[in-house]
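# Observations on the three-dimensional arrangement
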Amino acid sequence: MVLARTATNSDESVCTMFGSRYVRTTLPKYEIGENSIPKDAAFQIIKDELMLDGNPRLNLASFVTTWMEPECNKLIMDSINKNYVDMDEYPVTTELQNRCVNIIARLFNAPLEEHETAVGVGTVGSSEAIMLAGLAFKRKWQNKRKAEGKPYDKPNIVTGANVQVCWEKFARYFEVELKEVKLSEGYYVMDPDKAAEMVDENTICVAAILGSTLNGEFEDVKRLNDLLVKKNEETGWTTPIHVDAASGGFIAPFIYPELEWDFRLPLVKSINVSGHKYGLVYAGIGWVVWRAQEDLPEELIFHINYLGSDQPTFTLNFSKGSSQIIAQYYQLIRLGFEGYKNVMENCIDNMMVLKEGIEKTERFNIVSKDQGVPVVAFSLKDHSFHNEFEISEMLRRFGWIVPAYTMPADAQHITVLRVVIREDFSRTLAERLVADISKVLHELDTLPSKISKKMGLEGVADNVKGKKVERELLMDVIVGWRKFVKDRKKMNGVC
C-alpha cells in the first residue's frame, strides 16, 4: 500500500518554487520581515519583479555601457568583493588604477616625460570627478587671493546652460556661483565668446563640455583657450579651463586626433572622463586627471595609515569596489588604440545610418552634429497635432526607450528626441528603430480624426473661427489624444 503525505509549511522539499507558499504570500516591502525565506525563493521573487524593468540595451536614453565581453564579466565577478580603499591589502589593484590614470593622461596629451607619473584618480563616475576638479580650482583660487590680500568669499564658475546637473550640484554644495551662458535656437552649446565676457577676477575656472548631453556636440575649447589667454594677459588674471569630457573623452582621441581640446592647450588644467560611457565599462567608474602636480593643491590630499600603510586619498567617498577599475584596465589593454578606434568608428557609422533614416521621413529637423558624440537628436518640423513626448511614449510599445526633453534657457521652447549610439547598437537595430518611428508616425497621423469623432470636433476649424486661437485648439487635440491612448490601454491591457 502506497502512502501519500501532504507537504506542510515546514517541509517544502516536494514543492517546486511556483508550487511553494512563497509565491502566494505577500512579503513586506518597507520593513524587514519576521522570518527568513529560502534563498531560491528570494532569488525568484526578485528576478520576477525585475522582469518589469526595461531592456538596458534598448535604453537609448543612456550613455552608459550596457555590454561587455564574458571574460571581463568574469574578472568583475572575481573582484567584486575587493574594497579598493584597502590599497595595502590589494596592491595589484592599486597598480592597475595607476596604470589607467597614466594611460588616460597620455591619451589626453598631458605634458609628461617618459617615466613621469601622471596626477589623477579613479572615481565612481564623472560627477565625483567634477566635484574633485572643482574643489581643486576653488582651493587654488582661494590660496592665490589670500596671498594677494584680496577677498576670497565669492568664487564663481562659468559654464554653458547645457551642462550636466552635476555642475549645478557642485555649485550648490560647495557654495560657488554658477554663471551660465544661455543657449539660443540653433546653437545649443556654450558660446566661447560669451563665456570669456562673463569671466571676472572671482572666476575659478571656465568649464567646457566635450560632448553635450543635449545633442552630443563638442564645444570649441580651442577658441575658448585663445580668448582666455588674451584676457588673462590684459587683466593679469590666471583663469583656467576644465574640460568635462565625460562623453567625448574616449571618442575624440580616436576619431578626431587633430582636434585641440585637451592638455595641448595651455589653460586646460584638468579633464574628467567617464569610463562607464565610451570607456566601455559598466556603470560606476570615472576618471579625473590634472595637467601637473601643482594643479592639485596638496592640502586636499588626505593621508591615512590605519589600513596598514600610509595611503594618500583624494575622494569624496571612502570605500568603493575594485571591479570597475579592473574592467577599465581590461578594456584598455584588450582593445588598445586600434580597438577603441574601430568601436568608435562603428558608432559613428551607425549614427549616420539612423540620422539618414530619420531624415528620409521628412518629418524631423536634426539638431545634433556629425562631429561629436554619436548621438542623433531630432525635433518635429510640425507640431500642429503631436509632439515629441507622444512619439517617445509610443516608441515604448516596441521596447525602445527614447527620451524627449526641452532645451535649457534660452532655448526651452525647443523639444527634441535623442538617441545615443553605443557600442552594442548595431546597424540592424538602427534600421529597425527607423522602421518603428515610421510606424509611430503613421499611427499618430490617424489619431486626430479619431479624436475629433470622440470629442465631437468634426469641422471644428470652421465652427470656432474667431472663438478659439490655434493654441487652444491644439490643446483640445492633445487632451483628446491622451484620452484616446488611456482608453486604448484600458481595452488592451498592457500597451
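Structure shown above.
So, here's what we can say about the structure.

Basis of the calculations
Residues numbered from 1 in each chain as written. Predicted model: local features only at pLDDT ≥ 70, side-chain atom pairs only at ≥ 80, totals over all residues. Heavy atoms only, no water. Buried < 20%, exposed > 50% of the residue type's maximum accessible area, 1.4 Å probe, protein only. Helix = DSSP H or I, 4+ residues; strand = E, 2+ residues; numbered from the N terminus. Pairing = 2+ DSSP bridges. Right-handed = clockwise from strand over helix to strand, strands pointing away. Contact = heavy atoms within 4.5 Å. Arc of directions from axis to C-beta. Polar contact = N/O pair within 3.5 Å; in protein donor to acceptor, adjacent residues only side chain to side chain. Expected span 1.5 Å × (residues − 1). Axes fitted to C-alpha atoms, helices over the stretch in contact; angles between N-to-C directions.

## Quick notes on the pairing of strand 5 (residues 241-244)
- Taking every second residue as pointing to the same face, both faces of strand 5 are buried, with Ile241 and Val243 on one and His242 and Asp244 on the other.
- Of the pairings in the sheet, the one linking strand 4 (residues 203-209) to strand 5 comprises four bridges and is parallel in character. Residue pairing across strands places Ala207 opposite His242, the latter belonging to strand 5.
- This β-α-β element, strand 4 to helix 7 (residues 221-235) to strand 5, shows right-handed connectivity.

## With respect to the environment of Leu380
- Along the chain, the position of Leu380 falls in strand 11 (residues 375-380).
- For the pair formed by Leu380 and Arg363, sequence separation is 17 residues and the distance between their alpha carbons is 6.0 Å.
- Excluding residues within four positions of it along the chain, Leu380 makes contact with Arg363, Phe364, Asn365, His386, Asn387, Glu388 and Ile391.

## Focus: helix 5 (residues 165-173)
- Among all positions in helix 5, only Cys166, Trp167, Phe170 and Ala171 are buried. For helix 5, the arc enclosing every buried residue in end-on projection is 145 degrees, short of the 170-degree limit, so these residues lie on one face. Seen from the buried face of helix 5, the exposed residues on the opposite side, beyond 90 degrees, are Arg172 and Tyr173.
- Its buried side turned inward, helix 5 meets helix 4 (126-147), strand 2 (156-160), strand 3 (177-181), strand 4 and strand 5.

## Here we look at the side chain of Ser270
- You can see Ser270 is positioned in strand 6 (residues 268-274).
- Overall, Ser270 belongs to the buried group, its relative accessible area being 0%.
- In this structure the side chain of Ser270 is engaged in a polar contact, spanning 2.7 Å, whose partner is the side chain of His242.
- Beyond its immediate sequence surroundings of up to four residues, Ser270 is in contact with Ala133, Phe137, Ile241, His242, Val243, Phe263, Val289 and Trp290.

## Here's the deal with unusual backbone geometry
- A cis amide bond links Ala409 to the next residue, Asp410, at an omega of 0 degrees.
- Positionally, Asp410 belongs in the loop between strand 12 (404-406) and strand 13 (415-420).
- Positive phi values are uncommon outside glycine, yet Glu175 reaches one of about 55 degrees.
- As for its placement among the helices and strands, Glu175 is situated in the loop between helix 5 and strand 3.

## So, helix 7
- Between its terminal C-alpha atoms helix 7 stretches 21 Å, which fits the 21 Å expected from 15 residues at 1.5 Å a residue.
- All buried positions along helix 7 are accounted for by Val221, Leu224, Asn225, Leu227, Leu228, Lys231 and Asn232.
- Contacts from the buried residues of helix 7 go to helix 6 (192-198), strand 4, strand 5 and strand 6.
- Taken from the residues just after helix 7, Gly236 is the one with a positive phi, measuring 85 degrees.

## Here we look at the sheet that holds strand 6
- What the seven strands build is an open sheet, ordered 1-7-6-5-4-2-3; its pairing is mixed. Each having just a single partner strand, strand 1 (119-123) and strand 3 make up the two edges of the open sheet. On average, each strand axis in the sheet is inclined to that of its neighbour by 20 degrees, with strand direction left out of account.
- Its contacts with the sheet place helix 7 against strand 4, strand 5 and strand 6, and it is angled at close to 170 degrees to strand 5.

## Things to note about the pairing of strand 4
- Burial analysis of strand 4 places seven of its seven residues in the buried class, which makes it a mostly covered element.
- As judged from the three bridges shared by strand 2 and strand 4, these two strands associate in the parallel manner. Looking across to strand 4, one finds that Asn156 is bridged to Thr203.

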